[in-house]
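One letter stands for each residue in the lines below.
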Amino acid sequence: EYDFFLLSGDIFQTTSPSGRTFVDFSSRIGRLSDAGVQIVVIPGNHDVPKSTPAVNVTRGLAEARAPRFHLQSDIPEKPLILESRDGRRVGFIQIPYLSPQSVVHLEDAGSEVEFAERYNSFIKQRIDALLEDKGLANTDYTVLLAHGTVAGASYGAERSFVSFEIPIHIDT
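All of the points below concern the structure found in this document. (Residues numbered from 1 in each chain as written. Predicted model: local features only at pLDDT ≥ 70, side-chain atom pairs only at ≥ 80, totals over all residues. Heavy atoms only, no water.)

### What to know about the sheet that holds strand S3 (residues 69–71)
Part 1 of the argument: Strand order across the open sheet formed by three strands is S1-S2-S3, with parallel pairing between neighbours. The open sheet has two free edges, formed respectively by strand S1 (4–8) and S3, since each of these has just one partner strand. Neighbouring strand axes in the sheet, compared pairwise and without regard to direction, differ in orientation by 15 degrees on average.
Part 2 of the argument: Relative to strand S2 (residues 38–42), S1 runs parallel, the two sharing five bridges. Paired with Phe 5 across the strands is Ile 39, a residue of S2. (Pairing = 2+ DSSP bridges. Helix = DSSP H or I, 4+ residues; strand = E, 2+ residues; numbered from the N terminus. Axes fitted to C-alpha atoms, helices over the stretch in contact; angles between N-to-C directions.)

### Focus: the environment of Leu 71
Part 1 of the argument: Its location among the elements puts Leu 71 in strand S3.
Part 2 of the argument: The spatial distance from the C-alpha of Leu 71 to the C-alpha of Leu 7 is 9.4 Å, given a sequence separation of 64 residues.
Part 3 of the argument: Setting aside chain neighbours within four positions, we find Leu 71 in contact with Val 41, Pro 43, Thr 58, Arg 59 and Ala 62. (Contact = heavy atoms within 4.5 Å.)

### Things to note about the pairing of S2
A regular strand places its side chains so that they alternate between the two faces of the sheet.
Part 1 of the argument: In terms of burial, S2 is largely enclosed, as five of its five residues are buried.
Part 2 of the argument: Burial along S2 is two-sided: the face carrying Gln 38, Val 40 and Ile 42 and the face carrying Ile 39 and Val 41 are both buried.
Part 3 of the argument: In this region the chain leaves S1, passes through helix H1 (residues 19–34) and returns to the parallel neighbour S2; the handedness of that crossover is right-handed. (Buried < 20%, exposed > 50% of the residue type's maximum accessible area, 1.4 Å probe, protein only. Right-handed = clockwise from strand over helix to strand, strands pointing away.)

### Quick word on the pattern of salt bridges
Part 1 of the argument: Evaluated as defined, the whole model comprises six salt bridges.
Part 2 of the argument: In this structure, the salt-bridge partner of Arg 88 is Asp 86, at a minimum N-O distance of 3.4 Å.
Part 3 of the argument: Across the salt bridge formed by Lys 124 and Asp 128, the nearest N and O atoms sit 2.8 Å from each other. Of this pair, Lys 124 and Asp 128 both sit in helix H4 (residues 112–131), four residues apart, which is roughly one turn of the helix.
Part 4 of the argument: A relative accessible area of 29% means that Asp 128 is categorised as partly exposed.
Part 5 of the argument: Each of Glu 1, Asp 3 and Arg 85 takes part in one network of salt bridges that share partners. (Salt bridge = Lys/Arg side-chain N within 4 Å of Asp/Glu carboxyl O.)

### Concerning the nonpolar core
Proteins that are soluble and globular tend to have nonpolar side chains buried together.
Part 1 of the argument: Membership of the largest hydrophobic core comes to 14 residues, with the highest contact counts inside it found for Phe 25, Ile 29, Ile 39, Val 41 and Phe 69.
Part 2 of the argument: Of all the elements in the fold, those that place two or more residues in this core are S1, H1, S2 and S3.
Part 3 of the argument: Ranked by residues supplied to this core, first place goes to H1 with three residues.
Part 4 of the argument: Core analysis: the next-biggest nonpolar cluster, separate from the first, contains 12 residues, Ile 75, Ile 93, Ala 109 and Ile 127 among them. (Core = buried A, V, L, I, M, F, W, Y, C linked by side-chain atoms within 4.5 Å.)

Dropping the structure here:
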């Protein structure tokens, strides 16, 4: 038995998944929730619509107030604090994908290196601020959940992961 299921972005391969894909995803989220599992979700770059009026489809589950479904589409003001089944408090610092261009304007940076440094500095400042939140003082664990690039990773390495289904065992 587990308490939390974390989705750190790229939930779908496209910002507009098919109806069948969304229904399948929703069904799996529902089974996890029915089993008492807290689902913590942040969008990745594949989940963020390219145009301003478009909306991330996973927001539909959040808007429906699906039990135990916690979607954070922006950098939050404070950490998400949840309780495990055995009463332990867990603080989640959620850093969803943010387009670098939404944070730093290329023309304001002198070079691509400065652009990357400013973006990284922005993200680090937000993480540091969340880590200083007084609510984390009363938690047993702190989890950083982020969607971004890992320094030193090579492009295409993410394709080496194998897709698998997480077993859900519910006694009826």
